[in-house]
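Coordinate inspection notes
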Amino acid sequence: MSAPRLEIDLDKITHNARVLVEDLGERGIAVTGVTKAALGAVEVAKAMLRAGVSGLGDSRIENIEAMRHQRIAAPIMLIRSPMLSQAERVVKSADISFNTELSVVRRLSAAAQDADRVHGIVLMVELGDLREGILPVDLIGAAREVLRLPNLELTGIGVNLACHSGMAPDANNMAALSTLADEVEAALDVSLEIVSGGNSANLNWALGKGKVGRINHLRLGEAILLGCEPLHRAPVDGLHTDAITLVAEVIESKTKPSLPWGTLAETAFGGDVTSTDTGDMSRAILALGEQDMDPGGLVPPDGLAILGASGDHLLIDCGKRRLQVGTEVRFAVNYSALIRAMTSPFVDKAMARGRTARPSLNLA
C-alpha cells in the first residue's frame, strides 16, 4: 500500500457516530453527521448513516454534489452560508442551507422557483463567537422575510460557537438560543423543526446534566471522526480516538549533529528554529510535508519527536531508535492535520471495515 496515506477505519467511525446518536437521542437531540473533513467521501457518509444520524452536513457544495453523484439519498445540509454564485447548485443538491444574508436567501428562493423545489432555510444567529450569524435583534425580521419568499421553508434557527473566538457553548448561550426560538415562533406563528445548538464543541454541555431547552440538533464531525471534543481536545468517553491514522515512509535515516551550522535566516515557511546542543542524534526524514498536513497536528509514536517540516519533508528525532529507510511511521492526527491531509492529492486515503483496507477511488 502506498504512502503517505490516511488509514480510515469505517467501523470505528460508525461506532463513534452510533454512541453519540444514542446518548444525545436520550436528551432529545438529533445528530447530523458532518462530512466536510472527509471531503464528502461516500464511504464515510455511509458509515455515519449506518449509525443512525438524521442526515449529513457539509460546508462545500462540491462535496454534497459528489455524495449525490454516489447516490446518497439522505437529507443533506449545506452548513456554510451559500455563495450567491452557487444558489442554483445549492437548491439542486442540498435540502437545507444555513444562512445569514437575506440577499442570498432571495437568490435561493428564485433558484428554488426555477427548479420547482422547496428549499429549507436555517437562520444562523450570532451569539458571541463572531464568526457568522444574524444579530438577535434582527432575527425576527429575517425570519419574516424567509416566510414571505416563495419556495422556501423556515426550517429552523441555529448557532455556531467555538470556532473563530473559541466561545464555548454553555447554559447561558444555549438558553439564549432557546429563547430566540420561542420568540420567533410566538411573533410569526410558526413551528421551528430545528434548533441547532452547534458542533462537536457542544458535547460537554449537551451530555451534561443541565436542561437542553429547545436545542434538538447538533452537527458533529470531529467527535465522530476523531473521538474528541474540540474545546480541550479531550477524548469523549466510549469513542475511538484512533479511527484515522496518518502513515508516512522514511526516506532518510542518519546520525547528525543536533545544532545547525553556518549563517541562520528564516526557514522555508518564515519561522525560526531554536535548537539545543545535545550532541549527535538519530534523525529521520519522512516523505510528508507542510503541503500535505499540519505538522503541529501530528502525534508521533512513543520515543519519536517531530523536529519540524518543510514543504515536502517531515523531520523526526528518533531518540534511541534508528529507523530504517522504507519503514512506515504511524501518527495520530488532530482536526487541523486531518483536513489538510484529506485535501492533499499526494496523501492516499485507505478505507477499512474490519481488517481489510482498500484505496478510496473517489478521494485519490
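In short, a report on the structure. Just so it is clear, the model here is predicted, and its values are computed rather than measured.

Some points on empty space enclosed by the protein
- According to the stated counting rule, one finds two cavities of 30 Å³ or more in the structure shown.
- Here the largest cavity defines a volume of roughly 50 Å³.
- In this structure, the largest cavity is lined by S59, R60, I61, L78, R80, S81, P82, M83 and Q86.
- Considering only residue class, the lining of the largest cavity consists of four nonpolar, three polar and two charged.
- Empty space within the second largest cavity amounts to approximately 30 Å³.

Here's the deal with the nonpolar core
- Membership of the largest hydrophobic core comes to 100 residues, with the highest contact counts inside it found for L123, I157 and L246.
- For this core, the element with the highest residue contribution is helix 1 (residues 10-25), accounting for seven residues.
- Once you skip the residues sitting within four places of it in the chain, L246 turns out to touch R5, L6, L288, M293, L298, V329, R330, F331, V333, A341 and V347.
- Counting residues in each nonpolar core, the second largest holds eight residues, with M77, I96, M124 and I194 among its members.

Details of helix 10 (residues 335-343)
- Along helix 10, the residues classified as buried are Y335, A337, L338, A341 and M342. On an axial view of helix 10, the arc spanned by its buried residues comes to 160°, and they lie on one face.
- Packed against the buried residues of helix 10 are strand 1 (5-9), helix 9 (222-226), strand 12 (244-257), strand 14 (298-299), strand 17 (328-333) and strand 18 (348-353).
- Backbone nitrogen of S336 and a side-chain oxygen of the N-cap are separated by 3.1 Å at the start of helix 10; the cap is N334.

As for the packing of helix 1 against helix 2 (residues 42-50)
- In the contact formed by helix 1 and helix 2, the axes pass within 7 Å of each other and the chain directions differ by 40°. In terms of their interaxial angle, helix 1 and helix 2 are classed as oblique. In the packing of helix 1 onto helix 2, the handedness of the crossing is right-handed. Where helix 1 approaches helix 2, its residues L10, I13, T14, A17 and R18 are matched on the opposing element by E43, V44, A47, M48 and R50.
- A class-by-class count of the residues in the contact of helix 1 with helix 2 yields six nonpolar, one polar and three charged.

What counts and what doesn't
Residues numbered from 1 in each chain as written. Predicted model: local features only at pLDDT ≥ 70, side-chain atom pairs only at ≥ 80, totals over all residues. Heavy atoms only, no water. 1 Å grid on protein atoms, 1.4 Å probe; cavity = no way out; pocket = protein on both sides within 12 Å on 5 of 7 lines; lining within 4 Å. Points joined across faces, edges and corners; volume = space filled by probe spheres on them. Nonpolar A, V, L, I, M, F, W, Y, C, P; charged D, E, K, R; others polar. Core = buried A, V, L, I, M, F, W, Y, C linked by side-chain atoms within 4.5 Å. Buried < 20%, exposed > 50% of the residue type's maximum accessible area, 1.4 Å probe, protein only. Helix = DSSP H or I, 4+ residues; strand = E, 2+ residues; numbered from the N terminus. Contact = heavy atoms within 4.5 Å. Arc of directions from axis to C-beta. Polar contact = N/O pair within 3.5 Å; in protein donor to acceptor, adjacent residues only side chain to side chain. Axes fitted to C-alpha atoms, helices over the stretch in contact; angles between N-to-C directions. Parallel < 35°, antiparallel > 145°, perpendicular 65-115°, else oblique. Left-handed = near helix turned anticlockwise from the far one by under 90°.

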